Amino acid sequence: MIKGHVHKFGDDINTDDIIAAKYLDSQDEKFLGSKCMENIDPGFAGRLKKGDIIVAGKNFGCGSSREHAPLAIKGCGVSLVIAESFARIFYRNSINLGLPILVFPDCSKIKDGDILAVDLAGGKIRNLSQRKVYTCQKFPDFMREIIDSRGLIEWIKKRK
Amino acid sequence: MGLTLIEKILLRASGKRELKDFVYAKVDFCFGNDITAPLALKQFESAGFKKVFNRNRIGFVCDHFVPARDLKAANNVKMLKDFSRRFKIKNFFDINSCGIEHAFLLETALFSPGSLVIGADSHTCTFGAIGCASFGVGSTDLAATMSEGRCWFKVPSTIKFFYKGRMPKWISGKDLVLHTIGKIGVDGALYKVMEFTGPAIRKLGVEGRLTMTNMAIEAGAKTGIIEPDESTMNYLKRITGNKIPKVDIKKLKSDKDAKYDDVIDIDVTKLEPQVSCPHLPGNTKPVRSLKNVKLTQVVIGSCTNGRISDLRIAASLLKGKKVKKGLRVIIIPATPSIFRQAEKEGFIRIFLESGCVVSPPTCGPCLGGHDGILDDGEIALSTTNRNFIGRMGSPKSFVYLSSPAVAAASAVKGRITHPDEI
C-alpha cells in the first residue's frame, strides 16, 4: 500500500520539465532528484515529503528517452505517478526501473494536496481526503511480470 | 489478415510464427550516446552482467555534450571508451569519427532496411525512414539488450498518413511533419506507429523522409516508418561508400490488407511553410502569420535537419547575403562527412561570409547542452525538434521550430521570414 500527499501537474509534462538536459551528465539518483521539475516548479524537490504522489494529466513524460527522468522522480522521494496517460518511453522506463505508475483517466477528480492510499496490485486508489475510491486500468500480464520482479534486470535474472 | 511493415520486422525478430501482444525480440543493432549510455553501463555493472551478446552489434556514439563541454562530460566519454576496450566493442565513436548519432549511424552500414534497431535516445525513430523498425528506449533497456541481445516490445498498431498533391516550392519534410503533428497533437499517435506514404513521400528525398520519421516521437509515436524504395538504396549506397548490403526491398512493404488504426489523407498542394511556436511542437502556424516575431538566435542543424540537403538549401538562401546585425546564427553540420561535403560544395564559405558561425558536429544547443544556450527573454528559431520550456537554456526563453529554408531566410531578416521574401 502506498500512501501520500498529491502534487498535481497538467498535461504534456515533458522530460525537460522533469529533469533539465544540463543535468544529464549525472547518473546520481539523489542529485537528479534535487533538480526534479526545476524549470516548471522551482522548489518542488524541497517541498516534497518522502512517499508523496504525483498526479498529472495526459501524455506525462513526453519528449526524450532520458531514464534520468523517472530516476529523478524516484530520487526526490516520489512513491508513485498517476496520470491520464503516459508517453511511451517514460512508461517503459518506469516499468524497467521499478518506479510505480498508474493510468487513471479521471485525474481531474483528484485535487492538489489530497491524501491517497493506493493498492497497486489491485489497481485501487482510495482518496482519503474526498472519501472516494477509484479503479485504475490493469497492466497487461507481461508488464505485470516485470513490475512484480521490481524491474527489467531482475526479470531477466529470473528467466536465466 | 495482412501485416504492416513494422509487424513483419517484429515477427521475424521474434522468431515466432505469429505475433502476440508482446514480443521478446532479437535486436540487430543497439546503441546509446554520451548521456544515456553511461547510465546503461551503471545498470549493466550493477546487474552483474559479465559479457555482451555481440561486440559488433553494440554502438556508443558521443554526440550530446561533445566536444566535451566540461570535466563531467569528458568523464562520461572516457567511461564509454574504457568499457568498449574492456568488452572489445568496436563501434565506439568519438568526435572525429562520428557526429550526431541519427545522422552518423546511417553512414556506417551497421544496419540496413528491415533491421530491428534500438537506441537509448528518443530520436532513434529516425531510422524508420529507411525501413527499419527502430525504437527509442531507455538506458536499462540498452543495458539489458547489451547482455541478452533481446528487447521486449508491445506490438504497436499503425496509423497510415497518406500525402498527396504537388509539393509547393519551399515545402520540405519538416513542413509536412510539423503540419502533421499540429493536426493530430503531441499525443496524437501515442504508442502507435506513424507510417508515412503516398506520392508526395515518394517524391520527397530520403533526407526529407528522415526528418519526418525523426519527429514521429513528437506526436507520441512509438516510431515512424516509410517503405524503402530505389531512392533509399541509392542514398544508402552513396553515404556508406557502397558498404550497405543488398536488401530485397520488395519484401519490406506493408501488405495491401494490413490493418491500420486509422488512415489520414493530407493534401500538400496548398501547404505553407510551417513553424512550431513555444512551447510544444504541436503548436504549429503558417510562417506568414509570425512575421512580427523578432529573433536573437537562429540554429540550423541537429538530427532533424543537419544533413547535406538542409545545408544546401540554407546556403542557397544565404549566398551573397549578410545575416541581420546582432543576430547569432549557428550552423551545425550533423557529421564530419557532411561537414566535408558542405566544404567541398562551397557552403561553409557562404555561411562564414554571411556572418554565421559554423560549429563542429554536436547536439549542443538543441537540448540546451552547450554552444548556444539562451538567456531570459531570448528568442530562437531552430531547425531542431523540441521547443519545450527551457529546452535551449533559460526557462524564460522561447524556441520556434522550422525548416532550414525558413531558418536561413529568417537569419537574413532577423525575424521569422517566408523564404519568398529573400
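Reading guide: rules and limits
Residues numbered from 1 in each chain as written. Chains lettered and ligands numbered in written order. Predicted model: local features only at pLDDT ≥ 70, side-chain atom pairs only at ≥ 80, totals over all residues. Pairing = 2+ DSSP bridges. Helix = DSSP H or I, 4+ residues; strand = E, 2+ residues; numbered from the N terminus. Axes fitted to C-alpha atoms, helices over the stretch in contact; angles between N-to-C directions. Domains from an automatic or database assignment. Contact = placed C-beta atoms within 7 Å. Nonpolar A, V, L, I, M, F, W, Y, C, P; charged D, E, K, R; others polar.

This paragraph deals with the sheet that holds strand 3 (residues 80–83) of chain A. Residues and elements named next belong to chain A. Pairing is mixed across the open sheet formed by 7 strands, whose spatial order is 4-3-2-1-5-6-7. Each edge of the open sheet is held by one strand with a lone partner, namely strand 4 (101–103) and strand 7 (132–135). Each neighbouring strand pair of the sheet contributes to a mean axis angle of 30 degrees, computed without reference to strand direction. Pairing analysis gives 4 bridges linking strand 1 (residues 2–8) to strand 5 (residues 115–119), with the strands arranged antiparallel. Counted as the bridge partner of Ile2 is Val118 from strand 5.

Before going further, it helps to spend a moment on the domain arrangement of chain B. Residues and elements named next belong to chain B. For chain B, the domain assignment lists domain 1 (5–266) and domain 2 (275–421). Placing a centre on the C-alpha atoms of domain 1 and another on those of domain 2 gives a separation of 24 Å. Taken together, the contact pairs 34 residues of domain 1 with 32 residues of domain 2. Considering only residue class, the side of domain 1 that touches domain 2 consists of 14 nonpolar, 13 polar and 7 charged.

What follows deals with the sheet that holds strand 8 (residues 158–164) of chain B. Residue and element names in this part refer to chain B. Strand order across the open sheet formed by 4 strands is 10-9-8-11, with parallel pairing between neighbours. What marks the edges here is a single partner per strand, and that holds for strand 10 (223–225) and strand 11 (262–267). With strand direction ignored, the average angle separating the axes of adjacent strands in the sheet is 20 degrees. With 3 bridges joining them, strand 9 (residues 193–197) and strand 10 adopt parallel strand pairing. Each bridged residue has a counterpart across the sheet, and for Glu195 the counterpart in strand 10 is Ile225.

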